[in-house]
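Examining the three-dimensional arrangement
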Amino acid sequence: MIDLSAEFAGLKFKNPLIVGAGPNTKSFPNALHCMKAGFGGVVVRSLHMQYPGQHLLPVREFWNIYGDRKKIRKGFYSLQSTAAPAQRVNEKAPLGWGGASRIPTLDEWAGEVRKITEAAKKYDCVVIASIGWCGSNLSTEELWKAEAEAMAAAGVDAIQLHTAPSPATEPGRYITMDPKKYLEMPIKAVKESTGLPVFAKIPVDCCDTIASAVVAQKAGADGVVPVTRWSSITIDIENEKDPVWRGPGIGGPWSVPIMNGLIFRMRNAKQPISYIFQDSAEQFLDSVSVAVPIIPSGGVRSGSDVIGYLIAGANASEICAQVILEGTGVAKRIEREIYEWMEQKGYRSIGEFQGSLRLLKHDEAKDIPQWMPAVDAAGCNACERCVKACPNSAIKMLDNIASIDEDYCEGCRTCYYICPTEAISLGL
Ligand SMILES: Cc1cc2nc3c(=O)[nH]c(=O)nc-3n(C[C@H](O)[C@H](O)[C@H](O)COP(=O)(O)O)c2cc1C
Ligand code: SF4
Ligand code: SF4
């Protein structure tokens, strides 16, 4: 029997898949959908309460850029969120965020979250409330506490803090410039006022994520949530301008290896990934590792992404955009992929492979198996693309067929990717 459960910060998740704060959890019906689909946890949408009691203007906030329209579910998409005023506002739309929805007051939102926590009991789902952020310059200690207490009273299991300056209201500000304001103060205030586990969400684009995670840990955070989304500006060359400042911005599956690196470096501060040599790592002996749970948020679209995060040292993973693109059925698909991988590897619980990533020492690297390309003569049309592309001049044409000299080949795979007829295969 394989156990997919994840336990940390006093919480038990039936699986390590948590829906990230966003459209999927912006209302009771949406969150219910996620819970029914089998996610281990949901992070209910951040309240963004800049002005207590005030209804904020709805915003249009999300669209896909880049990526192939037809392949977006499985392809290499990139998503952009923003904060442009929504033009199609419908006062009758249910409470929530984005598009036509009317942004609720704290009281209204607490009522909605209460419905979510009640339903969660039936679906064995952990409920985490996200609070704060948008306009941290306006978020006082009292405001953090008011939001956190309202969420605690609504029955949530934990609080996730949307820390960090908002690029829209505080351009140029970085967490690192004022870690007391963006991390220490909210973490301490929320812990003190609710007693609930507190996770600090730390975006990559406004700080040194690893140092900020250490600050959060020192301030008493029960976990950190690194986020791979960057502020960005996509230029519309037809109109020669970008309509609005892009806030928390751009992210996507391409960022998964970056997140792996972040998680690994958080867990292994004494072994920075850019210094593979033992003696260089010794320069960092005083660096502090992140020992609290890490729950990454960014780029996940498959079981292998989640497995990778766990191997790098994470405790669970949040998923947002892929749920939007694929629907809540993604929970069962990813769960199955993780289950099958564990079955094949003989693992019975997540703890057996979690944090198992170790960097090779330099002299061990020679044992890494090298890819060796092979040409299928029948498939080669003599286009010579591989000959021109090979950085090691390892390919020559012999009798109009590409031929690889193994003595020169270093297994970079360029020829494999570039061959138009897929005549080149890889072996070890
Ligand atoms: C439309 C949209 C709205 C979002 N709203 C919030 C939010 O209210 N609070 C928050 O902490 N993160 C918010 N996020 C960020 C996601 O929770 C997540 O951290 C980010 O999208 C990266 O994960 P992903 O690649 O799985 O989407 C939002 C993301 C999107 C796309
Ligand atoms: S790129 Fe492919 S088809 Fe072209 S010469 Fe090389 S092996 Fe042959
Ligand atoms: S794998 Fe790289 S080095 Fe080897 S033949 Fe192909 S392009 Fe050249």
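What you see is a predicted model, and the numbers here were worked out from it, not measured in a lab.

Overview of the packing of helix α3 (residues 141-153) against helix α4 (residues 179-194)
Where α3 meets α4, the axes come as close as 9 Å, and the angle between the chain directions of the two elements is 40 degrees. One finds that α3 runs oblique with respect to α4. The handedness of the crossing between α3 and α4 is right-handed. In this structure, α3 contributes Glu 141, Trp 144, Lys 145, Ala 148, Glu 149 and Ala 152 to the contact, and α4 contributes Met 185, Pro 186, Ala 189, Val 190, Glu 192, Ser 193 and Thr 194. Of the residues contributing to the contact of α3 with α4, the split by class is seven nonpolar, two polar and four charged.

Description of the sheet that holds strand β13 (residues 317-319)
The parallel open sheet is built from seven strands, whose spatial order is β10-β9-β8-β7-β4-β3-β13. Of all strands in the sheet, those bounded by a partner on one side alone are β10 (223-227) and β13. Strand-to-strand, the axes of this sheet are offset by a mean angle of 25 degrees, without reference to chain direction. Running at roughly 160 degrees to strand β7 (residues 126-131), α3 makes contact with β7 and β8 (158-162) of the sheet.

Details of the site of ligand 2
Near ligand 2 you find Cys 380, Asn 381, Ala 382, Cys 383, Glu 384, Cys 386, Ala 402, Cys 419, Pro 420, Thr 421 and Ile 424, and these make up its full shell. Residues belonging to the shell around ligand 2 are distributed by class as follows: eight nonpolar, two polar and one charged.

Quick look at the pairing of strand β9 (residues 198-203)
Taking burial as the measure, the six residues of β9 include six buried ones, the bulk of the element. Here β9 shows two buried faces, one formed by Val 198, Ala 200 and Ile 202 and the other by Phe 199, Lys 201 and Pro 203. Pairing between β8 and β9: four bridges, direction parallel. Paired with Gln 160 across the strands is Phe 199, a residue of β9. In terms of strand pairing, β9 meets β10 through five bridges, oriented parallel. Its bridge partner lying in β10, Phe 199 is registered against Gly 223.

Notes on the packing of aromatic side chains
Summed over all chains, the structure comprises seven aromatic pairs. Judged by centre distance (5.2 Å) and plane angle (65 degrees), the ring pair of Tyr 416 and Tyr 417 falls under edge-to-face. The exposure class of Tyr 416 is partly exposed, given its relative accessible area of 34%. Every member of this aromatic cluster is reached through a ring pair, and the members are Phe 8, Phe 13 and Phe 199.

With respect to the site of ligand 3
Of all residues adjacent to ligand 3, which total 13 residues, the nearest are Cys 390, Cys 409, Cys 412, Arg 413 and Cys 415. Grouping the amino acids of the shell around ligand 3 by side-chain chemistry returns eight nonpolar, three polar and two charged.

Brief notes about the nonpolar core
Grouped together as the largest cluster of nonpolar side chains are 78 residues, with contacts concentrated most on Phe 39, Met 151, Ile 159, Ile 202 and Val 224. For this core, the leading source of residues is helix α2 (residues 106-123), giving seven residues. The next biggest cluster of nonpolar side chains, apart from the first, holds 14 residues, and it includes Leu 11, Phe 199, Val 225 and Ala 316.

Describing the pattern of salt bridges
Per the counting criterion, the structure on display carries twelve salt bridges. A salt bridge links Arg 333 to Glu 337; the shortest N-O distance between them is 2.9 Å. With Arg 333 and Glu 337 both in helix α10 (residues 330-345), this residue pair falls four residues apart, about one helical turn. Using a relative accessible area of 19% as the deciding quantity, one classes Arg 333 as buried. Owing to a relative accessible area of 26%, Glu 337 belongs among the partly exposed residues under this scheme. Put simply, Glu 352 and Arg 348 hold a salt bridge, and the shortest N to O gap is 3.1 Å. Assessed through its relative accessible area of 54%, Arg 348 is described here as exposed. Connected through salt bridges with shared partners, the residues Arg 114, Glu 118 and Lys 121 form a single ionic network.

A closer look at helix α1 (residues 28-37)
Because the α-helix completes a turn every 3.6 residues, residues three or four places apart line up on one side. Within α1 the residues assigned to the buried category are Phe 28, Ala 31, Leu 32, Cys 34, Met 35 and Ala 37. The secondary structure elements touched by the buried residues of α1 are β3 (17-19), β4 (41-44), α2 and α10. Immediately beyond the C-terminal end of α1, within one or two residues, lies Gly 38, with a positive phi of roughly 105 degrees.

Conventions we followed
- Residues numbered from 1 in each chain as written.
- Chains lettered and ligands numbered in written order.
- Predicted model: local features only at pLDDT ≥ 70, side-chain atom pairs only at ≥ 80, totals over all residues.
- Heavy atoms only, no water.
- Axes fitted to C-alpha atoms, helices over the stretch in contact; angles between N-to-C directions.
- Helix = DSSP H or I, 4+ residues; strand = E, 2+ residues; numbered from the N terminus.
- Parallel < 35°, antiparallel > 145°, perpendicular 65-115°, else oblique.
- Left-handed = near helix turned anticlockwise from the far one by under 90°.
- Contact = heavy atoms within 4.5 Å.
- Nonpolar A, V, L, I, M, F, W, Y, C, P; charged D, E, K, R; others polar.
- Pairing = 2+ DSSP bridges.
- Near = heavy atom within 4 Å.
- Buried < 20%, exposed > 50% of the residue type's maximum accessible area, 1.4 Å probe, protein only.
- Phe/Tyr/Trp six-rings, centres within 6.5 Å; stacked < 30°, edge-to-face > 60°.
- Core = buried A, V, L, I, M, F, W, Y, C linked by side-chain atoms within 4.5 Å.
- Salt bridge = Lys/Arg side-chain N within 4 Å of Asp/Glu carboxyl O.

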